[in-house]
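Understanding the architecture of this molecule
What follows is each chain in one-letter form.
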Amino acid sequence: MPKRPSLLRGFVGPLGDDIPSIFPIVAGVLLFIGTMAYAASLVAEKNSYLEIRKASLGLSYLVTERGQMNTEELGTMCDSKLRKYGTNSRVKFIVTLDRQCGGYVFDTDPLAPYDVSAAYGYCSNLDAAAIVASEISARSPVILNYPVAVPCPNADSPTEGFGIINVIVWR
Amino acid sequence: MKTHGSQARRRSQAAVFDGIMFLLLVSMSCTFVFVFVSSYGQQEDQVMRSAYMLNYMQSVMKSVYFIGAASVSGIAPDEATYPNLDCKKTKDYPGTVSVSDLVKRDLGDPSQTHPNGPALDDMFGSAVSPGRTALRCTLKELMKPLAFSGYRYFAEFLDQRRPTPESPSGKALEQRGVRVTNSLLFGKLAEPVTRDNQLVQPSGCELAKNAGANLLSVASPFRVIDYMGGGESSNRYIFRICVWQSNETIRSPAA
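Rules and cut-offs
- Residues numbered from 1 in each chain as written.
- Chains lettered and ligands numbered in written order.
- Predicted model: local features only at pLDDT ≥ 70, side-chain atom pairs only at ≥ 80, totals over all residues.
- Heavy atoms only, no water.
- Disulfide = S-S within 2.5 Å.
- Helix = DSSP H or I, 4+ residues; strand = E, 2+ residues; numbered from the N terminus.
- Buried < 20%, exposed > 50% of the residue type's maximum accessible area, 1.4 Å probe, protein only.
- pLDDT = per-residue confidence, 0-100.
- Contact = heavy atoms within 4.5 Å.
- Buried area = accessible area lost by both parts, 1.4 Å probe.
- Salt bridge = Lys/Arg side-chain N within 4 Å of Asp/Glu carboxyl O.
- Pairing = 2+ DSSP bridges.
- Axes fitted to C-alpha atoms, helices over the stretch in contact; angles between N-to-C directions.
- Phe/Tyr/Trp six-rings, centres within 6.5 Å; stacked < 30°, edge-to-face > 60°.
- Lys NZ or Arg CZ within 6 Å of the ring centre and 35° of its normal.

Residue and element names in this part refer to chain B. Enumeration according to the criterion identifies four disulfides over all chains in this entry. Disulfide partner of cysteine 87: cysteine 137, at an S-S distance of 2.0 Å. Here the disulfide of cysteine 87 and cysteine 137 is left-handed, its torsion about the S-S bond being about -105 degrees. Pair noted here: cysteine 87 is in the loop between α2 (42–66) and α3 (99–106) and cysteine 137 is in helix α4 (residues 131–142), with a separation of 50 residues, a long-range link. Here cysteine 87 matches cysteine 137 in class, with each residue buried.

Here it is in structure tokens:
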């Protein structure tokens with residue numbers, strides 16, 4: 001084997017000498033692109049969540065504008081304001097009104113807030129058949145609860161007692 | 001030849017160095033991106049959580065005006081958090097009398113029976129009017145979700161005619177039992193004491209604020225008819241509720 005001059009040892013040509021530097025450069029470019037893509041997806045996800053929260057607060061302000069509520073008032077407000085707001089905000093929502101005349105009892109069933117059939121009154125921009133508790137729950141909706149005065153002790157009583165409004169919003 | 005080999009080796013070393021520096025710079029920028037992303041939207045989220053809390057408290061305030069006094073008679077308070085509270089006192093009031101009606105009557109004491117000013121003491125003059133009991137029972141129930149989440153609250157009344165530098169909206173009424181709270185610690189601190197023959201009582205909300213609590217409060221005008229003036233004028237009060245997150249634990253007396 002011919003002996004190379006000592007000063008040329010390790011020299012593998014103009015291109016060959018640059019090959020080791022290509023690895024960190026490629027790794028850097030890939031890392032940067034990957035990070036930016038991941039960051040963009042996180043920011044988009046967060047923005048979507050904030051928009052849903054904003055829409056849920058907007059719906060809440062509308063539905064809690066008075067301190068009392070019954071099914072007729074909820075129905076009127078639903079047609080005139082809530083559905084329009086939900087549609088314009090590009091969200092799906094359910095607003096349920098529950099009577100808890102004896103005091104507030106918290107449900108241990110996580111799907112209970114979505115059960116519109118058990119509610120005293122409800123409003124949604126979905127058809128009743130499209131409201132499936134397990135599907136809504138899987139979409140991690142924003143749920144806000146507010147106290148309100150509702151007819152008590154009976155649904156048609158002229159006197160008011162404890163009630164609760166649940167605002168459930170998802171996309 | 002000698003010069004060419006030496007230059008090539010130096011150039012290759014410089015290229016590797018440049019590559020590593022580039023990787024280092026990219027790693028640093030990625031760190032900044034992750035720091036930005038992790039904090040992105042946190043302030044907006046915090047603002048919206050506070051907005052929810054304030055809206056909840058406003059709903060509590062509005063409900064107090066509508067809920068019938070008799071409706072709260074079925075509430076069973078726990079003795080540890082709400083000592084000496086018997087909600088059954090309100091069961092005989094007709095449905096037309098709301099909790100706020102009872103509170104307004106309770107706060108409308110004439111000076112003959114209450115020389116130190118109106119008090120929230122379940123009495124209207126010398127007649128029974130359980131406004132304090134009704135308010136405590138109502139707030140116990142309406143604030144339940146917040147109380148379960150570790151929040152403590154104060155409800156108190158400010159006198160708009162007596163603004164102070166600390167409370168420009170008005171000084172908090174100073175009377176025994178006028179502060180409604182679920183905080184045993186601050187409840188004790190907010191009890192009135194007599195100094196130089198004068199009743200001195202700090203505001204519950206200001207106590208919590210001065211203790212470093214991150215306080216949220218809502219207030220609404222609360223006019224009470226001045227019965228001594230023949231009902232033609234009214235005392236201008238402000239009904240204020242404030243909440244703060246607390247790690248205060250409630251122990252039952254037996255524990």
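A few words now on the confidence of the model for chain B. Residues and elements named next belong to chain B. Scored by pLDDT, chain B comes out at a mean of 84, with 90% of its residues at no less than 70. No element of chain B has a lower mean pLDDT than strand β7 (residues 198–200), which averages 74, and none a higher one than α2, which averages 94. What the predictor reports for the complex is a pTM of 0.86 with an ipTM of 0.86.

Looking along the chain, the bond that leaves cysteine 152 of chain A and enters proline 153 of chain A is cis, with omega of 5 degrees. Mapping proline 153 of chain A onto the fold places it in the loop between β3 (142–151) and β4 (160–170). We note that asparagine 84 of chain B has phi near 55 degrees; this positive angle belongs to a residue other than glycine. With respect to the secondary-structure elements, asparagine 84 of chain B resides in the loop between α2 and α3.

Turning our attention to the interface of chain A and chain B. Each partner contributes residues to the interface: chain A has 52 residues there, and chain B has 52 residues. Across the chain A/chain B interface, buried area totals approximately 4,300 Å², and carbon plus sulfur atoms make up 71% of it. Here chain A and chain B share one salt bridge between them. In this structure, the salt-bridge partner of arginine 53 of chain A is aspartate 45 of chain B, at a minimum N-O distance of 3.9 Å. Contributions of two or more residues to the side of chain A that touches chain B are made by α1 (19–63), β3 and β4 of chain A. The element contributing the most residues to the side of chain A that touches chain B is α1 of chain A, with 24 residues.

All names here are of chain A. What the four strands build is an open sheet, ordered β2-β1-β4-β3; its pairing is antiparallel. With partners counted over all chains shown, the strands left at the sheet margins are β2 (121–124) and β3, one partner each. If you compare each strand with its neighbour and ignore which way they point, the axes differ by 15 degrees on average. Helix-sheet contacts for α1 involve β1 (92–99), β3 and β4, and the interaxial angle to β3 is about 5 degrees.

This part is about the packing of aromatic side chains. For the coordinates displayed, the defined rule picks out 13 aromatic pairs over all chains. Taking the centre distance of 6.3 Å and the plane angle of 65 degrees together, the rings of tyrosine 52 of chain B and tyrosine 56 of chain B count as edge-to-face. One end of the pair is tyrosine 52 of chain B and the other is tyrosine 56 of chain B, both in helix α2 and four residues apart, which spans about a single turn. Of the two residues, tyrosine 52 of chain B and tyrosine 56 of chain B, both sit in the buried class. Considering the side-chain rings of tyrosine 65 of chain B and phenylalanine 222 of chain B, the 6.2 Å spacing of their centres and the 55 degrees angle between planes classify their relative orientation as tilted. Of this pair, tyrosine 65 of chain B sits in helix α2 while phenylalanine 222 of chain B is found in strand β8 (residues 216–225), placing the two residues 157 residues apart along the sequence. Counting every residue linked through ring pairs, the aromatic cluster contains Tyr65, Phe157, Phe222 and Phe239 of chain B. Just above the ring of tyrosine 120 of chain A sits the side chain of arginine 99 of chain A; from NZ or CZ to the centre is 5.7 Å.

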